[in-house]
Amino acid sequence: MAEEEKPTTTCTPKPTPDDLLQTPTPPAKFDPTRMIGIIKRKALIKDLAAAYHNECISYCRELLELQKRKGEPFLYTKAPEDLRKETLRSSSKRAKKKR
């Protein structure tokens, strides 16, 4: 009879949380190229924040103007272009036939 080979398994116990805390991780090496990327990204974020801030300030000024105007009486006046459009609509190009 042939001998059956049993696979040898090595049972290693699962690491406990205490074991994981005790194993030191090697410190990350300083990479200047990553530092340059971080500095560039930080500058882009600052530029974006400044753009949003300027846009916000302009909207606030516009809102303040609208709030000031709210107290003023509202006078609806038609623009000259609107008046021209109305006169063109009222006059027709062809004369109507009389019956």
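Predicted model, so just to flag it, every value in this text is computed and none were measured.

### Section: the overall build of the chain
Looking only at helices and strands, one finds three helices and zero strands in the chain. Each helix and strand of the chain, placed in order from N terminus to C terminus, yields the pattern α-α-α. Split into buried and exposed, the 99 residues of the chain put 0% on the buried side. Carbon and sulfur atoms form 60% of the exposed surface of the chain, whose accessible area is close to 11500 Å².

### Description of a nonpolar patch on the surface
Residues F30, M35, I38 and I39 make up a contiguous nonpolar surface patch of about 430 Å² in total accessible area. Relative to the assigned elements, M35 resides in helix α2 (residues 32-70). On the basis of relative accessible area, M35 is assigned to the partly exposed category, the value being 42%.

### A closer look at the confidence of the model for the chain
Of the residues in the chain, 48% reach a pLDDT of 70 or more, and the chain-wide mean stands at 76. Looking over the chain, one finds the lowest element-wise mean pLDDT in helix α3 (residues 80-90), namely 63, and the highest in α2, namely 92.

Reading the values: rules and limits
Residues numbered from 1 in each chain as written. Predicted model: local features only at pLDDT ≥ 70, side-chain atom pairs only at ≥ 80, totals over all residues. Heavy atoms only, no water. Helix = DSSP H or I, 4+ residues; strand = E, 2+ residues; numbered from the N terminus. Buried < 20%, exposed > 50% of the residue type's maximum accessible area, 1.4 Å probe, protein only. Areas by Shrake-Rupley, 256 points an atom, 1.4 Å probe, with all protein chains shown as cover. Patch = residues over 30% accessible without salt bridge, like charges linked within 9 Å, V, L, I, M, F, W, Y side chains within 5 Å. Salt bridge = Lys/Arg side-chain N within 4 Å of Asp/Glu carboxyl O. pLDDT = per-residue confidence, 0-100.

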